[in-house]
Amino acid sequence: MKRYFLHVVVALAFALCATAQTNPAADLIIQNARVWAVDPSQPEAQAVAILGDRIVAVGSNQQVELWRGAHTSVVDAGGRRLMPGFNDAHVHFVDGGSQLDNVELNDATSPQEFARRIRERAAKTATGSWLLGGDWDETKWSPAEPPTKELIDAATPNTPVAVNRYDGHMVLANSLALKLAGITAQTPDPDGGVIVHDKNGNPTGALKDAAQDMLFKAIPPLTHDQRRHAIERALSHAASLGVTSVQNMNPDYADIAVYNELLNEGKLTTRIYAAPLITQVDDQVRIGIRRAFGGPYLRIGAVKAYADGSLGSATAYFFEPFSDQPGNRGILSDEMHPISLMHDRMMRADAAGLQICTHAIGDAGISAILDIYAEIEKQHGNRDRRWRIEHAQHMAAKDFDRFTQLHVIASVQPYHAIDDGRWAERRIGRDRATRTYAFRTFLDHGVRLALGTDWNVAPLNPMLTLYAAATRATLDGKNPNGWFPEQKLTIKEAIEAYTVGSAYAEFQENEKGSITPGKLADMVLLSGDILNIDPIKIRDVKVLKTWVGGKLTYDAGAASR
Ligand SMILES: [Zn+2]
């Protein structure tokens, strides 16, 4: 009898060991959720198990329950929508973080309000320190004229001011800032830039595109502590919005150093792919790194180039003049003077295996970049490069097919469509507007989309981007059924582009972008079911919890307590 009992115990112990080996206990189980996995092999589920930083099981509550052990923490999602975290394919992370502390002018609806906010901020700014920030948008005023230095000079005699237009393609300087930058009535326009003058030939303080650099050079760089503070602000902002990965366009090297510092301290709570300016391409070439070099939290190996300016600043480069500015068809950026300079830099980047992401907005700017991409493919042969055009706003009809043939990713920002949609048709006319923010046409051509915001140009909140993609309802309320509604995305298409699509755009689609066993456990729990509500209500949905690599990085419940 005794012997028999021992036998059973040994057998039982073996059995326990065997299950323990094939099915170790999860660290975290999220159950009672409505999972939208963005994975066609298992689109919907109830529960997810996480071990370490990876998803290990996705299925019904019962299936995932098998992963529960004595030390597994369990979150009851209460029937709410659980999705992969958002991957913002185009942000200016440090600018965004700094902006959270700077003067905010985006919702100033008159020049008087604009001036009042600067006056108030100047009163609180230490003498000699720069007053920065902005995101002003003169299209919200009447008449829609860009501001001039006269508006703010009297209130800022001892405070240099540099406040940017929301699109980053124009900045307003006051007289002191112009003086510090050495800009006078005699200063010629730089290549790729415009110094705006008044009737008497004096600078108004407004500087467009490359002319902005003359001013920026005079601004002292962020100190290490200021930079770290801005990045910490940006990280917690991203976590609170369910943004678990960002692709950081034109960071300073010092930004990457701070990301690395935070990574070592275990404080980097958003995954970052950094694409420094192509003007610095030889640094990455010399080191010998290639695209997506690094680890799950921090990668480099891409370059960011600029083909042209922006639509709002009338510097995007078009084949035909602007409908409201005959004689002006925009400008190519300084990097395109001459075009062979861009061509040579891109050839070097491609030969080194670096990924190329190019800002191009006007139809002729986009076309010029596609010409260079085609030329590179001809000379270097076919391979999986994942070239990107950032913004890809105003397409020539002939170029959709070229996107397809060259496998170019359209890295787009739907919020710009509902913002610019207020006035874009006046600027470029009906015909060109039909191919503007043409998300549906891209998909119809088999072009891959990556979604983002261009934060701080637009808000980082993914709900506003999804709302914009699904409704195309312009911010002025004048197109409730959508501005060029045939270009709307379905909410599922928009989510896919914002998760797997963006992950593909950084060569990480096997690591993240869906709730799939084996992938990184980057997830977000939402207050509303964005797949099943009126798209108009998506903008009101909030993030309840955010996990990055299985770690809770934001908890609305904790935040409100
Ligand atoms: Zn940008």
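Quick note: structure is the one above.
What counts and what doesn't
Residues numbered from 1 in each chain as written. Predicted model: local features only at pLDDT ≥ 70, side-chain atom pairs only at ≥ 80, totals over all residues. Heavy atoms only, no water. Donors = N, O, S within 2.8 Å, 3.2 Å for Na, K, Ca; no water. Buried < 20%, exposed > 50% of the residue type's maximum accessible area, 1.4 Å probe, protein only. Pairing = 2+ DSSP bridges. Helix = DSSP H or I, 4+ residues; strand = E, 2+ residues; numbered from the N terminus. Axes fitted to C-alpha atoms, helices over the stretch in contact; angles between N-to-C directions. Expected span 1.5 Å × (residues − 1). Contact = heavy atoms within 4.5 Å. Salt bridge = Lys/Arg side-chain N within 4 Å of Asp/Glu carboxyl O. Phe/Tyr/Trp six-rings, centres within 6.5 Å; stacked < 30°, edge-to-face > 60°. Lys NZ or Arg CZ within 6 Å of the ring centre and 35° of its normal. 1 Å grid on protein atoms, 1.4 Å probe; cavity = no way out; pocket = protein on both sides within 12 Å on 5 of 7 lines; lining within 4 Å. Points joined across faces, edges and corners; volume = space filled by probe spheres on them. Nonpolar A, V, L, I, M, F, W, Y, C, P; charged D, E, K, R; others polar.

Asks: Would you mind going over the coordination of the zinc ion with me for this structure?
Replies: Reference values for angles at a metal are 109.5 degrees in the four-donor tetrahedral case and 90 or 180 degrees in the six-donor octahedral case. With distances of 2.1 to 2.2 Å, the protein atoms coordinating the zinc ion are His90 (NE2), His92 (NE2) and Asp454 (OD). For His90, a relative accessible area of 0% gives the class buried. Residue classification places Asp454 among the buried positions, given a relative accessible area of 6%.

Asks: What is the right way to read the sheet that holds strand S18 (residues 298–300) from this model?
Replies: Across a sheet, strands are paired by hydrogen bonds formed along the backbone, either parallel or antiparallel in direction. Read across the open sheet, the five strands follow the order S8-S15-S16-S18-S17; overall the sheet is mixed. Two strands lie at the open edges of the sheet, namely strand S8 (86–91) and strand S17 (293–295), each paired on one side alone. Across the sheet, the mean angle from the axis of one strand to that of its neighbour is 10 degrees, orientation sign disregarded.

Asks: Explain helix H4 (residues 111–124) here, please?
Replies: Here H4 is 14 residues long and its end C-alpha atoms lie 20 Å apart, about the 20 Å a rise of 1.5 Å per residue gives. Burial in H4 covers these residues: Glu113, Phe114, Ala115, Arg117, Ile118 and Ala122. Looking at the buried side of H4, the elements it contacts are strand S9 (103–104), strand S10 (131–136), strand S11 (161–165) and strand S12 (170–173).

Asks: Teacher, can you tell me more about the pattern of salt bridges here?
Replies: Should the charged atoms of two oppositely charged side chains come close, the side chains can pair. Under the defined criterion, the tally for this structure stands at 39 salt bridges. With a shortest N-O distance of 3.2 Å, Asp350 and Arg383 are connected by a salt bridge. Residue Asp350 is found in helix H10 (residues 339–351), and its partner Arg383 is found in the loop between helix H11 (363–380) and strand S21 (388–391); the two are separated by 33 residues along the sequence. A residue is classified by how much of its surface remains accessible, and Asp350, at 1% relative accessible area, is buried. Between Lys512 and Glu506 there is a salt bridge, with its nearest N and O atoms 3.0 Å apart. Neither residue differs from the other here; Lys512 and Glu506 are each classed as buried.

Asks: Quick question: what am I supposed to make of the packing of aromatic side chains here?
Replies: Centre distance and the angle of the planes are the two values used to describe a pair of aromatic rings. All chains considered together, the criterion is met by 11 aromatic pairs. Arranged with centres 5.2 Å apart and planes meeting at 65 degrees, the rings of Phe400 and Phe442 form a pair that is edge-to-face. Of this pair, Phe400 sits in helix H12 (residues 399–405) while Phe442 sits in helix H15 (residues 439–444), and the two are 42 residues apart along the sequence. Here the two residues Phe400 and Phe442 agree in accessibility, since each one is buried. Ring geometry for Phe403 and Phe442: centres 5.1 Å apart, planes at 50 degrees, overall tilted. Of the two residues, Phe403 sits in helix H12 while Phe442 sits in helix H15, which places them 39 residues apart along the sequence. Per residue, the accessibility class of Phe403 equals that of Phe442, and both read buried. The ring of Tyr297 is capped by Arg271, whose NZ or CZ atom sits 4.5 Å from the centre of that ring.

Asks: Teacher, can you tell me more about the layout of surface pockets here?
Replies: The method is simple in principle: a probe with the dimensions of a water molecule rolls over the atoms, and the space it marks as empty is what remains. There is about 650 Å³ of room inside the second largest pocket. If you trace the second largest pocket, you find 29 residues lining it, with Glu138, Ala144, Pro146, Gly312 and Arg427 closest to the centre. Going through the elements one at a time, strand S13 (193–197), strand S14 (203–209) and helix H14 (424–433) are the ones with two or more residues in the lining of the second largest pocket. Sort the elements by how many residues they give to the lining of the second largest pocket and S14 lands first, with three residues.

Asks: Which parts of the structure should I look at to understand empty space enclosed by the protein?
Replies: All chains considered together, the criterion is met by two cavities of 30 Å³ or more. Looking at the largest cavity, its volume works out to about 70 Å³. Pro84, Gly85, Phe86, Asn87, Thr244, Ser245, Thr499, Lys512, Gly513, Ser514, Leu520 and Asp522 together form the lining of the largest cavity. Elements with a contribution of two residues or more to the lining of the largest cavity: S8 and strand S15 (243–249). Grouping the amino acids of the lining of the largest cavity by side-chain chemistry returns three nonpolar, seven polar and two charged. The space that makes up the second largest cavity amounts to roughly 30 Å³. Residue lining of the second largest cavity: Arg291, Asp350, Gly353, Leu354, Gln355, Arg383, Asp384, Arg385 and Phe507, and that is the complete set. Considered class by class, the residues forming the lining of the second largest cavity number two nonpolar, two polar and five charged.

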